[in-house]
Amino acid sequence: MWIYTVRRLFVMIPTLFGITLVAFGVMQLAPGDPLKAELGAAGTIGETSQTREAYLIMRRDLLLDRPALLNFRYFRNYTAPIREVVFFRGQSRGEIVEELARLTEAPGAPENAARLAFLRGLDIADFDALLADPEVHPRLAHMIATGIQVYLEEEVGLHGVPPAMAVLRDPGSPLQERIGAIRAIRLMALEPFQYSFGREPDEADLPYVVAPWQLWWSRAEADFPAVAPAQREELAGKLEAMVREESRREVLEILETLDRDDMRFFAERLLGDTTFDEKRLSADALRLYIADPLQLDVPTGAAEETVDEVAGNWLVHYDLHLDRYEPGLARRFGYLLTDTQYANMVRRLATFQFGRSATRTREPVGPRILRAVMVSAPLMIMAQIVIYLVAVPLGIICAVNRSNAVDRGVSLGLFVLYSIPPFVAAMMFLLFLGYGVFFDWFPSLGLHSPGAEQFGWGRYLLDYLWHAYLPVVCLSLFSLAAMAMYSRTSMLEVTGQDYVRTARAKGLSERAVILKHGLRNALIPIITLFAGFLPAMLGGSVLIEVIFGIPGMGRLSYESILQRDFPTLMALIYINAIVVMLSILLTDLLYVVVDPRISFEGREQRR
Amino acid sequence: MNQAGESYLDIVWKQFKKNRFALAALWTLVPVVLIALFAPLIASNQPLVYFDGDAVLFPWFLSLFHPDETVDFIFNMAMLAMVPWAVVSVVLSAWWRQRNVPSRTRVLGATGLLVLMAGAMVVVFSLPGMAPRHPYAGRTFVEEEFGNPDARGFYTLVPYSPRDQERGSAFQPPLYRKPAAERERASEWFPHLLGTDDIGRDVFARMLYGTRISLTIGFLAVGIYLSIGIVLGALAGYFGGTTDILISRVIEVILLFPSFFLILTLVAMIGPSIYMIMVVIGLTGWPGIARLIRGEVLKQRANDYVTAARALGASHRRVLFRHILPNALAPALVAAPFGVASAIVVEAGLSLLGFGVRPPTPTWGILLRLGSSNYNYWWLIVVPSLAIFFTVTIFNLVGSGLRDAMDPRLRM
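Along every chain, residues carry numbers that run from 1 in the direction the sequence is written. The naming scheme follows written order: chains are lettered A onward, ligands numbered 1 onward. Local features in this predicted model are restricted to residues of pLDDT 70 or higher, and side-chain atom pairs are both shown and tallied only at a pLDDT of 80 or more, whereas totals for entire chains, interfaces and linings draw on every residue. The side-chain figures draw on all heavy atoms in the structure; neither hydrogens nor water molecules are used.

What about the interface of chain B and chain A?
Okay, step 1: By definition in these notes, contact holds between two residues if any of their heavy atoms fall within 4.5 Å. With 40 residues of chain B in contact, the opposing surface of chain A contributes 45 residues.
Okay, step 2: On the chain B side of the interface with chain A, the three residues burying the most area are Leu 256, Met 269 and Tyr 375 of chain B, jointly 23% of the side's total.
Okay, step 3: By definition here, a salt bridge exists when the distance from a side-chain nitrogen of Lys or Arg to a carboxyl oxygen of Asp or Glu is within 4 Å. At the junction of chain B and chain A, the tally comes to zero salt bridges.
Okay, step 4: Under the rule applied, a polar contact is a pair of N or O atoms within 3.5 Å (in protein, one hydrogen donor and one hydrogen acceptor; residues adjacent in sequence only if both atoms are side-chain atoms). For the pair chain B and chain A, the interface holds four residue pairs in polar contact (both at pLDDT 80 or more).
Okay, step 5: Put simply, DSSP H or I for four residues or longer makes a helix, DSSP E for two residues or longer makes a strand, and each gets a number counted from the N terminus. Among the secondary structure elements, those contributing two or more residues to the side of chain B that touches chain A are helix H9 (241-256), helix H10 (259-270), helix H14 (330-353), helix H15 (364-373) and helix H16 (379-406) of chain B.
Okay, step 6: Element by element, the count of residues in the side of chain B that touches chain A is highest for H16 of chain B, at eleven residues.
Okay, step 7: Note on residue categories: nonpolar means Ala, Val, Leu, Ile, Met, Phe, Trp, Tyr, Cys or Pro, charged means Asp, Glu, Lys or Arg, and polar means any other residue, Gly included. Looking at side-chain class alone, the side of chain B that touches chain A contains 28 nonpolar, nine polar and three charged residues. Joining two parts hides part of their accessible area as seen by a 1.4 Å probe, and the buried area is that hidden amount summed over both.

Written out as structure tokens, the structure is:
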């Protein structure tokens, strides 16, 4: 039995792969950029740089900045385009206009031809027509600037950093090109420095946090006055209090009592020999009071010293993340398959780290699904209990009264129930019982009355049951009819068997024959159906939950489809597939456990 | 026991007739289809015959060639084809009766003839320039008639079309009749039998034309998935080996998606239209059929008649499609009526969620969606709900009758 189970579990893996592939394909079908749909036009260029940056970060977070299935970007050489980029990024609008004039004069010269080819690759509409008309060159210069920005941010990404860095490092490059390189790197390396730790601090991040502060401190130390011993005592006390404090909110409150002049203390703590917790909180304090520790951007025409300083900052960043920018050959081949949208998605699913949803609130997917399950599952369990409690006895009654008026009547009733789509039933119930148009016996929306949190548990439960009554009825109607019909046939089959005839011939009472000999055997297929209800419990019902306004799984899937929330959608599909497969396996196992006549050997042979 | 010369279909039909409910349902299906077919003859805002003082016009007939929906065009052509078909089939049946052709063949032949004629008309009249022009498209006869005492129009039973808007009489309950003072057209004396919707369209007319859409979606979606399912299932079962493994894996993968959820996702991503919904239901529904057929073909393949056919030199194709499939089709055919019912339900559900067919098209689900926005307009819920329930029950009854008739275990 164990071998059988393990083998079945292994077979699931390729199937799961197939599912992720199909789901991924479906989502690729969706037209347009789901992020832009969510952020509105804010993600487009020309809006404020903050929304643009938020858009880019979200894009990276949702893995949309990578190719779908195969990533060749690590093998491409971006030196030539980056040289052009560096040239244009270092120039002011006016200089670009001059350059355009120069280009139109001699488009055939080899250097100019390469430059023109690069500009044509930027997807500027009617580029040649605009180029031919000197009047519109200022507009064209603007379009080139934004075109280069989009190219760097959305297409090249971090792959363009090494060639730009080479320009920056080369002592022979002119100042203007170094400025251009810095401004290009600024766009390609999103969020270059990590100044503090995230929600879940990881000690491995420590060098990445310390390095920028160290650089900052080496320049800014002189600006901060020495801290008096008494003050030092007090700050040490506060730091200790923060280390002990669990709640993030309390920590923030303590942080707010500090002062910018205290930063010397925290910088020393961060850079000195202290515990990880102290370093972590010191970084938080510094982050709060030092808004812009390292300058990372330069305007066109900046002075040489500024450029040197900023270039130094970038060099620190580059050296910190060297393995990200210049991976070895083996890793590049690895990235070919693993650094893609699909591979990253599979990795997230396989580790059950679903990431954040694509909604505006960026809520993590896992807790979101858990919350929805906690709403759907009780309803589904109640519905299942109703189904078994009503359907099995009904089926038996029908089978016992085979072909007489009772059977006919009940069967017809079941048939009618079977033909009512659950959402039609839901709307009819709401219409007649819920909205006060006819009667106002049941609430129409949600699972709790407003202010239910203040109720005692008894009243809370009653309130819940009152709200859950109609949804549960609607959820169970259809399956109830199907299950009753099923148990009727199952019972009929059993009563035709020889052993039932034998039991009758022994002179047993009809009751004993039906309940002891018939029912026990008839229950076998019915019990095994039980496992099939697991996926329904997790999946909920889209229509019922939408109609009754229940924030369960069905509603969650509906909303994530509506919002093109692919991470949530993917997680839902994945979890559902796993649960369905497990429940099929469970059904098969239950069969063997319940019915001793069936063995695994028999099952294996039949397959 | 079976008499000699009784074919499988004869046996099934004999068994089917014993189930009174199923038989009744089958007979109810006929008027449902006829209602869908003859919808314009029941409700249309175009007068059948119009006399405007000095000329007699036939706007209704011309409007049949220029409906708003392609589905309506096909149904209209089928409706028109029924006239020559009735004549031909009367002649044919007399001839057939003389030659003692069995009744089943006569029914099937006549139906086939109708489909052929309707198809021919659809093709002919959708060619550019072939359809008669409709010069009165922008003209509202009813208003003229109201102003001109000489004008006389003869209308169909219900003088409203599914797209007639009257914003003044929005959300009116059944049997609402516009007060005489507010009428702008002469034909508005006729009550809105089932009320009006959000922009004053007649719910009865919308339900009527919605029948066409529901039936089309039901039948075509099932047609699509039956064909895919039967072919793939048969291939998997017959050839086995790699083919079987591949197809079975695909079946397994698709079956693991919750079907309504998958349909919802696909429709939401691809975009809503009647055809998309049909295709999506068709593409997601086939694995169930394929699995049934595969199992059945596997069972049949082990029989001696297959070996005999192979020994006689029949090709794989012949053995599979001529010998095995006819014996393996029963479970798929039983699933068909249930499939039609569920496709109708799925379409309504999609429309209810707002992912279905877009509003100007009259469908039952859109009315339900309107009703769900405000439960005070109870007729917008009750009417489509009952229609869906009624149709689903009919198809389910036919399906269960067919199942009982085809299942040899229940045959005595």
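From this point, the discussion proceeds with the structure in view.
So, the nonpolar core
Okay, step 1: To define a nonpolar core, start from buried Ala, Val, Leu, Ile, Met, Phe, Trp, Tyr and Cys residues and group those joined through side-chain atoms within 4.5 Å. Only protein chains enter the area calculation, which uses a 1.4 Å probe; residues under 20% of their type maximum are buried, those over 50% are exposed, and those in between are partly exposed. Ranked by size, the top nonpolar core spans 179 residues in total, and within it Ile 369 and Phe 423 of chain A together with Ile 281, Leu 350 and Phe 355 of chain B carry the most contacts.
Okay, step 2: Discounting residues that sit within four places of it in the chain, Phe 423 of chain A has contacts with Leu 543, Ile 544 and Ile 547 of chain A together with Val 345, Ala 348, Gly 349, Leu 352 and Leu 368 of chain B.
Okay, step 3: Membership of the second largest hydrophobic core comes to 79 residues, among which are Leu 130, Met 165, Ala 184 and Leu 187 of chain A.

Comments concerning helix H25 (residues 510-529) of chain A
Residue and element names in this part refer to chain A.
Okay, step 1: Taking 1.5 Å per residue, 20 residues should reach 28 Å; H25 reaches 27 Å between its end C-alpha atoms and fits that length.
Okay, step 2: The bend reported for a residue corresponds to the angle between axes fitted to the seven residues ending at that residue and the seven starting there. Considering bend angle alone, the principal kink of H25 is centred on Leu 519 and spans about 45°.
Okay, step 3: For H25, the complete set of buried residues consists of Ala 512, Val 513, Ile 514, Gly 518, Leu 519, Ala 522, Ile 524, Pro 525, Ile 526 and Thr 528.
Okay, step 4: Check the buried side of H25 and you find it contacts helix H20 (365-400), helix H23 (457-495), helix H24 (498-505) and helix H29 (566-594). The span expected for a helix works out to 1.5 Å for each residue beyond the first.

Observations regarding the side chain of Thr 5 of chain A
All names here are of chain A.
Okay, step 1: Within the fold, Thr 5 resides in helix H1 (residues 2-29).
Okay, step 2: Among the residues examined, Thr 5 registers a relative accessible area of 11% and is labelled buried.
Okay, step 3: In this structure, Thr 5 is in contact with Leu 585 and Leu 589, ignoring residues within four places of it in sequence.

Side note on the confidence of the model for chain B
Residue and element names in this part refer to chain B.
Okay, step 1: On average, residues of chain B score 83 in pLDDT, and 94% of them reach the 70 mark or higher.
Okay, step 2: What pLDDT conveys is the predictor's confidence in a given residue, as a value from 0 to 100. Looking at the elements of chain B, mean pLDDT is at its lowest for helix H7 (residues 141-147), recorded as 63, and at its highest for helix H8 (residues 203-239), recorded as 91.
Okay, step 3: Interface confidence in the predicted complex, given as ipTM, is 0.86; pTM for the same model is 0.79.

Considering the pattern of salt bridges
Okay, step 1: Considering all chains together, one arrives at 27 salt bridges over all chains under this definition.
Okay, step 2: One connected set of salt bridges, linked through shared partners, spans Glu 84, Glu 99, Arg 102 and Arg 115 of chain A.

With respect to unusual backbone geometry
Residues and elements named next belong to chain A.
Okay, step 1: Despite not being glycine, Phe 352 has its phi angle at roughly 60°, a positive value.
Okay, step 2: Assignment of secondary structure puts Phe 352 in the loop between helix H19 (341-350) and H20.
Okay, step 3: What makes Phe 352 partly exposed here is its relative accessible area of 45%.

A closer look at a negative patch on the surface
Okay, step 1: For patch detection, residues must exceed 30% relative accessible area and be free of salt bridges, and they are connected within 9 Å for like charges or within 5 Å for nonpolar side chains (Val, Leu, Ile, Met, Phe, Trp, Tyr). The accessible surface values rely on the Shrake-Rupley method and a 1.4 Å probe; as for residues, cover is taken only from the protein chains in view. When charges are tallied, Lys and Arg are placed among the positive residues and Asp and Glu among the negative ones, while His and the ends of the chain are skipped. Throughout, a charge is located at the NZ atom of Lys, the CZ atom of Arg, the CG atom of Asp or the CD atom of Glu. On the surface, Glu 245, Glu 246, Glu 250, Glu 253 and Glu 256 of chain A cluster together into a patch of negative charge.
Okay, step 2: With respect to the element layout, Glu 245 of chain A can be found in the loop between helix H12 (229-244) and helix H13 (248-256).

So, the packing of aromatic side chains
Residues and elements named next belong to chain A.
Okay, step 1: Pairing of aromatic rings covers Phe, Tyr and Trp, the last counted by its six-membered ring, and requires centre-to-centre distances within 6.5 Å; plane angles under 30 degrees mean stacked, over 60 mean edge-to-face, and any other angle means tilted. Across all of its chains, the model carries 22 aromatic pairs over all chains by this definition.
Okay, step 2: When the ring of Phe 87 is compared with that of Phe 88, the centres are 5.2 Å apart and the planes differ by 80°; the resulting orientation is edge-to-face.
Okay, step 3: Residue classification places Phe 87 among the buried residues on the basis of a relative accessible area of 16%.
Okay, step 4: Judged by relative accessible area, which is 3%, Phe 88 ranks as buried.
Okay, step 5: An angle of 45° between the planes, with centres 6.4 Å apart, marks the rings of Phe 415 and Tyr 418 as tilted. Separated by three residues within a single helix, Phe 415 and Tyr 418 lie in helix H21 (residues 405-419), roughly one turn from each other.
Okay, step 6: A relative accessible area of 22% means that Tyr 418 is categorised as partly exposed.
Okay, step 7: Members of the aromatic cluster, each reached through a chain of ring pairs, are Trp 213, Trp 216, Trp 217 and Phe 224.
Okay, step 8: Whether a charge sits over a ring comes down to the Lys NZ or Arg CZ being within 6 Å of the ring centre and within 35 degrees of the ring normal. Sitting over the ring of Phe 87, Arg 115 keeps its end group 3.6 Å from the ring centre.

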